[in-house]
Every structure is written in C-alpha cells, then in structure tokens.
Amino acid sequence: ETGVTQTPRHLVMGMTNKKSLKCEQHLGHNAMYWYKQSAKKPLELMFVYNFKEQTENNSVPSRFSPECPNSSHLFLHLHTLQPEDSALYLCASSQASPGTGRGYTFGSGTRLTVV
Amino acid sequence: QQQVKQSPQSLIVQKGGISIINCAYENTAFDYFPWYQQFPGKGPALLIAIRPDVSEKKEGRFTISFNKSAKQFSLHIMDSQPGDSATYFCAASSNSGGYQKVTFGTGTKLQVIP
C-alpha cells in the first residue's frame with residue numbers, strides 16, 4: 001500500500017458519460033497532483049492543489065474538472081471525453097513545505113478507456 | 001519543449017550485468033533529481049534521488065552519478081536482477097510557490113534476462 005489510494009482502478013466510459021476519479025492520501029501531505037500517463041509520452045502534469053487551493057492548471061481541456069475538498073482528497077470529474085483521453089491517470093501527493101522530504105508518492109492509477 | 005531528455009527508450013541486460021540510464025536537463029533552476037521505478041499496473045515509486053551539490057549517491061545496488069556542468073545525470077544498477085525489470089523515469093524538480101514542480105523524462109523500459 002503506497003499511502004495514496006485511487007479508485008476505480010479501471011474505468012470504461014462512453015463519450016457522453018460523466019464519471020469521477022477519486023484519490024485519497026493519509027500521509028499528511030499538503031500538495032496533491034493529477035498526472036496523465038500515455039504510452040511513449042512523458043508524464044503530463046494536469047493540476048496541482050496546494051493546501052486545497054488550485055495552484056496550477058496545465059492548459060487542461062475543460063472536460064476535465066478537478067475538485068479538492070480537503071488536503072486528503074482529490075477528485076477528477078470527467079465529461080464528454082474523447083478517445084484520445086484514454087490513458088492512465090495518476091494521483092500523487094507531496095509535502096509542500098521546503099526543507100522536508102522531497103519526492104512524490106503516487107497512487108496506482110486509474111486506467112481510463114473512452115469508447 | 002521537453003526539459004528532461006532520457007535514453008535509451010528500452011534496455012535489455014543480462015542478470016548480473018550493469019544497467020545504465022542517462023538523462024539530461026536544460027533548466028538550471030532544478031534543484032532535486034529523483035528517479036522513479038514503475039512496475040506494470042502500479043504507479044511510479046521513488047527509488048533514489050540526488051541534489052546538485054553532490055556528484056554521486058549510492059543506495060544498495062543503485063547509484064546516481066551527477067554532472068552539474070554538463071547538466072547530465074545517470075542511474076546505474078549494479079548486479080541487475082530479473083526483479084529490477086520495470087520502467088524507470090528520471091525527473092527534475094524545483095520548489096514553485098510552496099509545492100514541487102516535477103518534470104519527467106520519457107522513461108526507460110528495462111528487461112533483465114536470466
């Protein structure tokens with residue numbers, strides 16, 4: 001168990017569906033991130049939340065909508081997706097304060113397939 | 001613009017051999033260089049990391065070599081084992097507004113054959 005839990009592990013959705021991905025961490029970290037992992041491409045940062053406030057939106061289409069109700073939970077709401085959005089979506093957390101341990105803790109990801 | 005370049009894309013090494021993965025970066029603001037290991041069906045996990053004021057860091061069979069002037073760093077896996085077969089990502093990060101901004105390489109798929 002990595003300390004970062006993502007659900008569901010697998011998701012198949014139609015282009016007109018609405019679904020949500022959930023991420024939960026119990027590490028006491030202050031920052032949470034959504035990444036997209038596609039084959040043969042670098043990990044793409046989508047959103048960053050620092051102390052529940054969105055601090056970065058990396059030019060992500062509006063069909064992806066993040067939500068961070070508290071420092072332990074992060075959601076990614078999906079609607080009217082395209083087939084090219086099929087990928088592994090990874091959640092990560094880290095300690096935001098300088099001088100503490102660095103590095104992300106990743107969840108196992110949600111494998112999303114858009115049909 | 002890809003700020004962290006990683007090579008090779010794939011690597012096959014015999015058991016007991018040395019696996020070497022290379023990375024180069026462009027942004028001199030990066031101040032932390034982690035390596036992540038990812039097994040199929042899992043998220044990446046932090047393996048080992050180095051700061052730019054150190055030229056080498058060793059943890060068990062894993063060693064990072066860092067060349068600040070050349071803006072290059074590499075991962076060496078000594079005595080490679082079949083259990084090391086995974087995808088390895090180099091990364092570079094900096095603190096940005098109180099959180100870590102990490103740029104990843106494209107990954108190297110390592111296969112260690114018996």
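Structural data are supplied above this passage.
One structure accompanies this document, and this report is about it. Each chain carries its own residue numbering, running from 1 in the written order of its sequence. Lettering for chains starts from A, numbering for ligands starts from 1, and both go in the order in which the items are written. Note on the predicted model: pLDDT of at least 70 is required for a residue's local features to be given, and 80 or more for side-chain atom pairs to be given and counted; whole-chain, interface and lining totals, by contrast, use all residues. The side-chain numbers reported here are obtained from all heavy atoms of the structure, hydrogens and water having been left aside.

Some remarks on the overall build of chain A
Under the scheme used here, helices are H or I runs from DSSP no shorter than 4 residues and strands are E runs no shorter than 2 residues, and both carry numbers assigned from the N terminus. Counting its secondary structure elements, chain A contains 0 helices and 11 strands. Listing the helices and strands of chain A from first to last along the sequence gives β-β-β-β-β-β-β-β-β-β-β. Rg of the C-alpha trace for chain A: 14 Å, near the compact-globule value of 13 Å for 115 residues, within the 12% margin. Oriented by its inertia axes, the alpha-carbon framework of chain A measures out at about 45 × 25 × 25 Å. A simple rule labels every residue: compare its accessible area, found with a 1.4 Å probe on the protein chains alone, to the largest value its type can have, and call it buried under 20%, exposed over 50%, or partly exposed in between. Residues counted as buried form 50% of the 115 residues belonging to chain A. Contact criterion: two residues are considered in contact whenever any of their non-hydrogen atoms come within 4.5 Å of each other. Across chain A, contacts joining residues at least 24 apart in sequence account for 54% of those joining residues at least 6 apart. All radius of gyration figures rest on C-alpha atoms, and the globule criterion is 2.2 Å times the number of residues raised to 0.38.

As for a nonpolar patch on the surface
Exposure above 30% relative accessible area and the lack of any salt bridge qualify a residue for a patch; like charges then connect within 9 Å, and the nonpolar side chains Val, Leu, Ile, Met, Phe, Trp and Tyr within 5 Å. Methods summary: accessible areas were calculated by the Shrake-Rupley approach with a probe of 1.4 Å, and residue burial reflects only the protein chains presented. The term salt bridge refers to a side-chain nitrogen of Lys or Arg lying within 4 Å of a carboxyl oxygen of Asp or Glu. There is a patch of nonpolar side chains on the surface, built from Ile18, Ile20 and Met78 of chain B and spanning about 240 Å² of accessible area. Looking at where Ile20 of chain B falls in the secondary structure, it is placed in strand 3 (residues 19-25).

Structural notes on the interface of chain B and chain A
Counting residues at the interface gives 24 residues for chain B, matched by 26 residues for chain A. Throughout, the accessible surface (probe 1.4 Å) given up by two parts as they are put together, summed over both, is called the buried area. When chain B packs against chain A, the two sides together hide about 2,000 Å² of surface, and 48% of this comes from carbon and sulfur. Where chain B meets chain A, there are 0 salt bridges. As used in this structure description, the phrase polar contact means that two N or O atoms lie within 3.5 Å; if the pair is within protein, one of them must be able to donate a hydrogen and the other to accept it, and residues adjacent in sequence are counted only when both atoms belong to side chains. Applying the counting rule to chain B against chain A returns 4 residue pairs in polar contact (both at pLDDT 80 or more). Among the secondary structure elements, those contributing two or more residues to the side of chain B that touches chain A are strand 4 (33-38), strand 9 (86-96) and strand 10 (99-104) of chain B. Take the side of chain B that touches chain A: its biggest share by element is 5 residues, from strand 10 of chain B.

Some thoughts on unusual backbone geometry
Most of the time, phi is negative for any residue but glycine, and the peptide bond is trans. With omega at -10°, the peptide bond leading from Thr7 of chain A into Pro8 of chain A counts as cis. With respect to the helices, strands and loops of the structure, Pro8 of chain A is situated in the loop between strand 1 (4-7) and strand 2 (10-13). Omega for the bond connecting Ser7 of chain B with Pro8 of chain B falls within 30 degrees of zero, at -5°, which places this linkage in the cis form. Here Pro8 of chain B is to be found in the loop between strand 1 (4-7) and strand 2 (10-14). With phi around 55°, Ser59 of chain A is a residue other than glycine that occupies positive phi space. Relative to the helices and strands, Ser59 of chain A resides in the loop between strand 6 (53-57) and strand 7 (64-70). Note on Ser59 of chain A: relative accessible area 73%, which makes it exposed. The residue Lys71 of chain B is not glycine, and still its phi comes out positive at about 55°.

What to know about the state of the cysteines
All names here are of chain A. In plain terms, two cysteine sulfur atoms within 2.5 Å form what is called a disulfide here. Applying the stated criterion across every chain, the model contains 2 disulfides over all chains. Between the sulfur of Cys23 and that of Cys91 lies a disulfide, 1.9 Å long from S to S. Linking Cys23 and Cys91, the disulfide has an S-S dihedral of approximately -70° and is accordingly described as left-handed. Pair noted here: Cys23 is in strand 3 (residues 18-25) and Cys91 is in strand 9 (residues 87-94), with a separation of 68 residues, a long-range link.

A few points about the packing of aromatic side chains
Residues and elements named next belong to chain B. Planes of paired rings set the category: under 30 degrees apart is stacked, over 60 is edge-to-face and the rest tilted, where pairs are Phe, Tyr or Trp rings (Trp by its six-membered ring) whose centres lie within 6.5 Å. Within the structure shown, the criterion is met by 19 aromatic pairs over all chains. Summarising the aromatic geometry, the rings of Phe33 and Phe66 are spaced 4.7 Å apart at their centres and angled 50° between planes, so their arrangement reads as tilted. A residue pair is termed long-range when its members are at least 10 positions apart, and Phe33 in strand 4 and Phe66 in strand 7 (residues 62-67) qualify at 33 residues. Look at Phe66 and you get buried, because its relative accessible area is 8%.

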